[in-house]
Amino acid sequence: MTDTSTNRVRIVADAVLNGTTPVDGSLERIGLTSLERLELCRELERRTGVTVSLADAMTATTTTALATRYRNGGTPGRSTPARGGIPLTSLARGCLLRQLISPSDVAGNCLLLWALDGPVEVDLLAGALIDLQERHESLRSSYSLRGGAELARPPSVPARTAADTLEQALARCRQMLGVPLHPTAGDVFRSVIIGTPTGVVLGVVAHHVAFDGYSESVLAADLSRAYRARLTGRAVDWPAAPDARTASASYRGQRAAADLDQQRARVRAALSGVVELHLPGAVRRVSGREPAAPRVLSTGLAPVPTSFAAMAAAYARAVHTLTGVRDVAFAVPVNRRAAAGLDTVIGNFVEMLPVRILLPIRPDADADLTATAVAWTGALGGLDLEFEEVVRAVRAARHVYQHVFAVQNNPAPRLELPRVRARLIRAHYPGLANRSMTEVWPAGTGYSDTADTAVLTYGEGWVGEAEAAQLLTAFRTNLDRYLRQAAADPGVVATGVAPR
């Protein structure tokens, strides 16, 4: 987090605990992003030893409301670590189940590539990759549905080779790391270092059962620390972090503070009668044939506001333009690292949150944003529920997870190696676990250094090529329209919007 973000979180934490009220006490006007709200939860737990449910923390609109929820709904933040294997999160279980059903599947592969230009000490970099795995048990554990995660193997040694050009090195990286991993055997992390005329290409892949988007920045920071320590011959100055078992207990402690019955009732009301979304241009799929690699389209965006509702509204209205359906439902991946210490560990702490938006009949920026903000705030009211609980509450909700909209605003994974210029190159997903995924990647996260980028990844046969292009174009057009409206009336985009 930046110094500005850290100071903002501390001011709000003081206000919650001491009764002081910055501005008018509105968390929206203070400008907290979703990542800052998570850090606020961690800061309050560090100071008080109390945690509240994620739904309570994310839907509180003022410092006074948040303080009340800590006083009345909080529970001690410490949970008893589980014996035996470490329990898997809901999304991790889903990723593992998919791999077990389809051993050749690569949808769980989370790939990171860096072009490193300069005098890279390859032996030290290889050693730092070993140090990284030693620190994070999740990268050398085996995973099972019943037994959870258990430490299984020593760190894997990075593969090393060379290429004549950067393009060759990147292609070889993608080929070497785009193969199935085997989580039940502890094969969840691999790395490769490929020499180039100007330095090296570093590639790593981790299975989604043990890794999420936030883990990218943790990996990059810890790998940088380990490399610098080896370069100077000193011990690594690791930041304090819980072990995997304690991290799991802290994560589960968040749910212990939640009224899950109330959240299930909210979800049943919100998703009752939800209709499956079918994008046009789909073709009949041939059963028994290995799915082709997902297709990818991307487009640059004008500067995007920090309002998640503006982006979600632009996506929902684009779906309406394509399908004629105003009742639009999809899933949003949500970072659930609100417990103290979870910001320093590698693992999968994401849940897919179902969102259902009923758009107004006529497209209108103000009305679209209001409808989306209401739907998003309502969805956050079920934030502590897991996928299986949502599906048990509303059986028809399973199909909502087939289409995903995501704002990938996790901290950028920045490698900081002395005298080396590191450039992150965002790799497309080698496989896809759902039918379509529309993402917004902020500047500096691997697509463009200067502009946000919208990316649509879709499975073969689930949407036509021309229709996919229309969806992405409509999303960009809608977002531009909302921004023009915001320029005329700055309150429009901000109204009722939960931070992303």
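Residues numbered from 1 in each chain as written. Predicted model: local features only at pLDDT ≥ 70, side-chain atom pairs only at ≥ 80, totals over all residues. Heavy atoms only, no water.

**Some thoughts on the nonpolar core**
If you look at the biggest cluster of nonpolar residues, it comprises 65 residues, and the most contacted ones within it are Leu-40, Phe-330, Trp-376, Leu-383, Phe-405 and Phe-475. Of the residues forming this core, the biggest block, 11 residues, is contributed by helix H12 (residues 308–323). Residues contacting Leu-383, with those up to four places away along its chain left out, are Leu-54, Ala-55, Met-58, Gln-263, Val-334, Arg-336 and Leu-353. Among the nonpolar cores identified, the runner-up in size contains 29 residues, and Leu-125, Ala-206, Phe-211 and Leu-417 belong to it. (Core = buried A, V, L, I, M, F, W, Y, C linked by side-chain atoms within 4.5 Å. Buried < 20%, exposed > 50% of the residue type's maximum accessible area, 1.4 Å probe, protein only. Helix = DSSP H or I, 4+ residues; strand = E, 2+ residues; numbered from the N terminus. Contact = heavy atoms within 4.5 Å.)

**Details of the confidence of the model for the protein chain**
With 91% of its residues at a pLDDT of at least 70, the protein chain reaches an overall mean of 90. In this model residues 492–500 is a low-confidence stretch, pLDDT under 50, and it forms 39 contacts with partners more than four residues away in sequence or in other chains. (pLDDT = per-residue confidence, 0-100.)

**Notes on empty space enclosed by the protein**
The gaps left among the atoms become clear once a water-sized probe is rolled over them. Within the structure shown, the criterion is met by 1 cavity of 30 Å³ or more. Size it by volume and the largest cavity reaches roughly 30 Å³. Considering the residues around the largest cavity, the lining is formed by Arg-37, Leu-40, Cys-41, Ala-57, Met-58 and Leu-66. When residues of the lining of the largest cavity are traced back to their parent elements, those giving at least two are helix H3 (34–48) and helix H4 (54–59). It is H3 that provides the largest number of residues to the lining of the largest cavity, a total of 3 residues. Taken together, the residues that form the lining of the largest cavity break down as 5 nonpolar, no polar and 1 charged. (1 Å grid on protein atoms, 1.4 Å probe; cavity = no way out; pocket = protein on both sides within 12 Å on 5 of 7 lines; lining within 4 Å. Points joined across faces, edges and corners; volume = space filled by probe spheres on them. Nonpolar A, V, L, I, M, F, W, Y, C, P; charged D, E, K, R; others polar.)

**Looking at the pairing of strand E14 (residues 436–441)**
The buried fraction of E14 is high, at 6 of 6 residues. Here E14 shows no split at all, with Ser-436, Thr-438 and Val-440 on one side and Met-437, Glu-439 and Trp-441 on the other all buried. Here strand E12 (residues 403–407) pairs with E14 via 5 bridges, running parallel. By the bridge assignment, His-403 is partnered in E14 with Ser-436. Taken together, the 6 bridges between E14 and strand E15 (residues 453–458) define a ladder with antiparallel strand orientation. Looking across to E15, one finds that Ser-436 is bridged to Tyr-458. (Pairing = 2+ DSSP bridges.)

**Describing the packing of aromatic side chains**
Overall, the coordinates contain 9 aromatic pairs when judged by the stated rule. Seen from their ring centres, Tyr-251 and Phe-349 are 5.3 Å apart, and the 50 degrees between their planes marks the pair as tilted. With a gap of 98 residues between them, Tyr-251 in helix H10 (residues 244–256) and Phe-349 in the loop between strand E10 (327–335) and strand E11 (350–358) connect regions that are remote in the sequence. A relative accessible area of 5% places Tyr-251 in the buried class. Three or more aromatic residues joined by ring pairs form one cluster here, namely Phe-308, Tyr-315, Phe-330, Trp-376, Phe-405 and Phe-475. When the ring centre of Trp-462 is taken as reference, the NZ or CZ atom of Arg-435 above it lies at 4.0 Å. (Phe/Tyr/Trp six-rings, centres within 6.5 Å; stacked < 30°, edge-to-face > 60°. Lys NZ or Arg CZ within 6 Å of the ring centre and 35° of its normal.)

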